[in-house]
Each structure stands twice: as structure tokens, then as C-alpha cells.
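Residue strings, one per chain:
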Amino acid sequence: MTESVDLLVHGGTVLTVDDASTVLDDGAVAVRDGAIVAVGPSDELRARHTATDTIDASGALVLPGLINTHTHLAMTLLRGTADDVTLQEFLARVVPAEARLLNPGAVASAVRVAVAESLRAGVTSALDMYWFHEAAEETARAAGWRLHTGPLFMDVPEPPDGRPYQERLEWARRYLAGRPAGTRPVLFAHSTYTLSPEQLVECFALAREFGALIHLHAAENAAEVAGVEVAHGKRPVELLESLGLLGPDVVLAHAVDLTGGEIAAIARAGASVAHCPVSNLKLGCGIAPVPRLLSAGVTVGLGTDGAVSSNTLDVLGAVRQAALVHKADGDPTAVGAEQAVRMATIEGARALGLGDELGSLEVGKRADLAVLDLNRPHLTPRHDPYAMLAYAAQASDVRDTVVDGRVLMRDRTLTTLDEGAVLADLEALA
């Protein structure tokens, strides 16, 4: 007797990214009600299940959907407007432009392009820090894409949404109180240089009242660290620790300029790091001490940052950069191929507090996955799938993308977005 499932992905090499690093050469993944109900040999699962929909993954690699642990999706609107500048010059250029240009409609249009780009790259979810998050949330939901977002706190003279700080606190409280049961809320406290210590304490207290994940920029470059030290007498991570704010509910973006003591503090608190190697290099920020963070036991995920500082939302590109850049000191094992892939999948899920739901292809987890076409010259012959992903694969190799059991890209065609109209809309806005 066979069991009925909604989707059966079969015939491919299944990279589960489970704790045992299981790889099934001719494997299959069965999905019902958006959850993975079986993973195993293709022949066995095909005999046991009848499926409403199937994906024949023969000659392909099936992997967990990639997770972007730090980005600003609607920055696609400003792509190409702040290149070859320092972080501080970048902010001086982008922040005023955001005040002039952003509104819910613009954010929705820019996020639609970001979702399309992400789906094409096998990215199934993102932690998105930006203005008008409700518009982004609605847009992602309409496309069936998994978005982790929430209220943003950034005390600037002209916030795009016009909300002063105190009003923002009350608005964020209403939003967090109204979140559906069973979903983890998120709160974004931009940084230690755009919020005062008192404001940081208030934001973190509000987040913790509702069990929210807290995400902020920290120690992105030496100039930021020096500025915070001058203003508050402590470096960013030192300041957070002194205020009692570091904890397992905190994800620090970038974490480039860290001391040994700060790495120990992050590890002690159980906080996570979103490593953005492409953006960090492009802005001349430096290279985050990821090998030292990993050695200390810190969970490290991968992010692209926004499409202004990285220019693409290609998490596979971040995987390659993470696997390469840390070898510059002479140790080719500093961050290996498998570690880099895990940072984009299961470690990213753990950073978001969602390791039991996302990041690997295991029974009981949500069915977020990508199918990558291996019939390409640059992916032939096939030996180590982790090395192939980290050093050779490209976003354009992704053929199918599934989010919560729903096929959002099939045979390189998006199923929930009119790609031509989406691109034309943003081009007109730009």
C-alpha cells in the first residue's frame, strides 16, 4: 500500500546536510503539507509513495534551500549607486537616498525583484533588515517565499517612514503583539552607532518581551569601531556585552573588527554571526575572523548584505568567497568547502533559531530545497558535491526551487512571479 504525498523529488544526488553529512547518490525527498516526510533511496521512496507532483532530479543535485542571514532586499532599487567607496561614504550616499525614495510601493517593487533573483539562485529564505517591512512581508508572502523580517530601529534625522523613535517603539509593540502564534518575530536594532545605549536597551527589552530574534550590525570596519569607542568608551561588541545585551537570540551582522576578548564574549553569550564576505571585501572593511569564531564555537551563517554593497543576492557566491578568502593567511583548511556550504544552510538556520525547521533535508523539517543541474561543463566530472558547490557551482545552475513544499521555480521558470513585469516595474522606478 502506498502513501500519498504532495511532491516527490527523485533521482538526484541528495545532499542532506544532516549531522552525519549524508549524501544519497540516487535519492529522493517526499513532501506532504509543506513538510519533509521521507528521505531515502529513490527506488524505495517511489515504490512507497504516490505523488500529486514530481520533480525528476536525474543528473542534478538536490540540496537544502540556501539561507541569506543578512540582507536588505529592497536595496535592489539602489543597485549600482554606491560602488567603490568606503562603508562610511556608502552610508553617506545611501541613507539620504533612502529618505527621498522609499515608500511601501517602492519597497514592494524592489523586494519582488529580490525574491525573483533569490529564487533563481536557490535561496529560499532571508533575514531582511529594512524600512517598510510590512510591504516586504506582504510581497514575499504573495510569492510564497520565506521572509524573516520585522520592525527596524535606526535613529536618523529623516527616517523614510517618518516615525520618530518613541512612536516607533509603540508601533513595534503593536506589531510584535499581533504576530501569528507559532512564528518567531524579529526586531532589528540597526547598530551601536545609530542607536544610543539607552535606545539599544529599550529595543532589546521590547524584543525579549515577545521572544523575538534580534539582529544588528556590529564591528563592520575599523572606522565604525573607532567612532563607537570615541562616543561611548567601548567598542561595539564590548558595549553590547557591558549592557547585558548579548545572548543566544542575537545575530551580529559582519563582525569583522573583533578582539580575542570580543570573540570569547560572543561565544560565551551564544550569539551568532552573519558573515558577509563579498560586501566586506567590496567596501574595504576587511575579513571577518571566521576561523577564530568557529574555533570558539560561534554559529556562523552567510549573508549577501544588500544589492548596493554586494550587487547581487547570490548566496552561492558568498559560499565561494567564504571558502576562499580565509585561506589567504596560508591555511587551505581555514574554512573548507563543506563548512562554507553548511554556513549557507544548517548553520544559517541555527543562527536564526530555526535549526529544527530549516537548513537540512530531514524528516519533519519544512520542505525548502533547490535542484541544481549538474549537466554543465564546469560541473563535470562529479566527485565531492561540497567542493563542487563551493568552488564551481553558479547561481545560474539552479533549475528548480521549492519553498515550504511549493515549487516556486520549475525548469528555470518562476511560477508565482511575472518576471518580465517585475523587472520592468523596478526599472521604471529606478
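Structure: see above.
Thresholds applied
- Residues numbered from 1 in each chain as written.
- Predicted model: local features only at pLDDT ≥ 70, side-chain atom pairs only at ≥ 80, totals over all residues.
- Heavy atoms only, no water.
- 1 Å grid on protein atoms, 1.4 Å probe; cavity = no way out; pocket = protein on both sides within 12 Å on 5 of 7 lines; lining within 4 Å.
- Points joined across faces, edges and corners; volume = space filled by probe spheres on them.
- Helix = DSSP H or I, 4+ residues; strand = E, 2+ residues; numbered from the N terminus.
- Nonpolar A, V, L, I, M, F, W, Y, C, P; charged D, E, K, R; others polar.
- Buried < 20%, exposed > 50% of the residue type's maximum accessible area, 1.4 Å probe, protein only.
- Pairing = 2+ DSSP bridges.
- Axes fitted to C-alpha atoms, helices over the stretch in contact; angles between N-to-C directions.
- Core = buried A, V, L, I, M, F, W, Y, C linked by side-chain atoms within 4.5 Å.
- Contact = heavy atoms within 4.5 Å.

Undergrad: Explain empty space enclosed by the protein here, please?
TA: Over the atoms rolls a probe the size of a water molecule, and in doing so it shows where empty space is left. Applying the stated criterion across every chain, the model contains three cavities of 30 Å³ or more. The computed volume of the largest cavity comes to approximately 220 Å³. Looking at the largest cavity, it is lined by 22 residues, and the ones nearest its centre are His72, Met75, Leu91, His190 and His217. The element best represented in the lining of the largest cavity is helix H2 (residues 87–101), accounting for six residues. Residue composition of the lining of the largest cavity, by class: 13 nonpolar, six polar and three charged. If you add up the space inside the second largest cavity, you get close to 40 Å³. Along its surface, the second largest cavity is lined by Tyr130, Trp131, Phe132, His133, Glu134, Leu152, Asp161, Arg163, Arg168 and Trp171.

Undergrad: What am I meant to see in the pairing of strand S15 (residues 369–373) here?
TA: Side chains on a regular strand alternate between the two faces of the sheet. Counting buried positions over the five residues of S15 gives five, a clear majority of the element. By the alternation rule, side chains of S15 split into Leu369, Val371 and Asp373 and Ala370 and Leu372, which are all buried. In the sheet, S15 pairs with strand S16 (residues 398–403) via four bridges, with the strands oriented antiparallel. Paired with Leu372 across the strands is Val398, a residue of S16.

Undergrad: Please explain the sheet that holds strand S6 (residues 66–71) as it appears in this structure.
TA: Consider a sheet: its strands pair through backbone hydrogen bonds, and that pairing is either parallel or antiparallel. Strand order in the open sheet formed by three strands is S6-S7-S8, with parallel pairing between adjacent strands. Strands with a single pairing partner mark the edges of an open sheet, and in this sheet they are S6 and strand S8 (146–148). Each adjacent strand pair in this sheet contributes to an overall mean axis angle of 20°, direction not counted. Where strand S7 (residues 123–128) lies against S8, three bridges are found, and the strand directions are parallel. Across the sheet, the residue bridging to Ser125 is Arg146, located in S8.

Undergrad: Sorry if this is basic, but what is going on with the nonpolar core here?
TA: Within soluble globular proteins, side chains that are nonpolar generally end up buried alongside one another. Membership of the largest hydrophobic core comes to 131 residues, with the highest contact counts inside it found for Phe90, Trp145, Leu252 and Leu372. Of all the elements, helix H3 (residues 104–120) adds the most residues to this core, at nine residues. Here Phe90 is in contact with Met75, Ala82, Val85, Leu283, Val308 and Ser309, once residues within four sequence places are set aside. By size, the runner-up hydrophobic cluster in this structure holds 17 residues, among which are Leu24, Ala60, Leu361 and Leu369.

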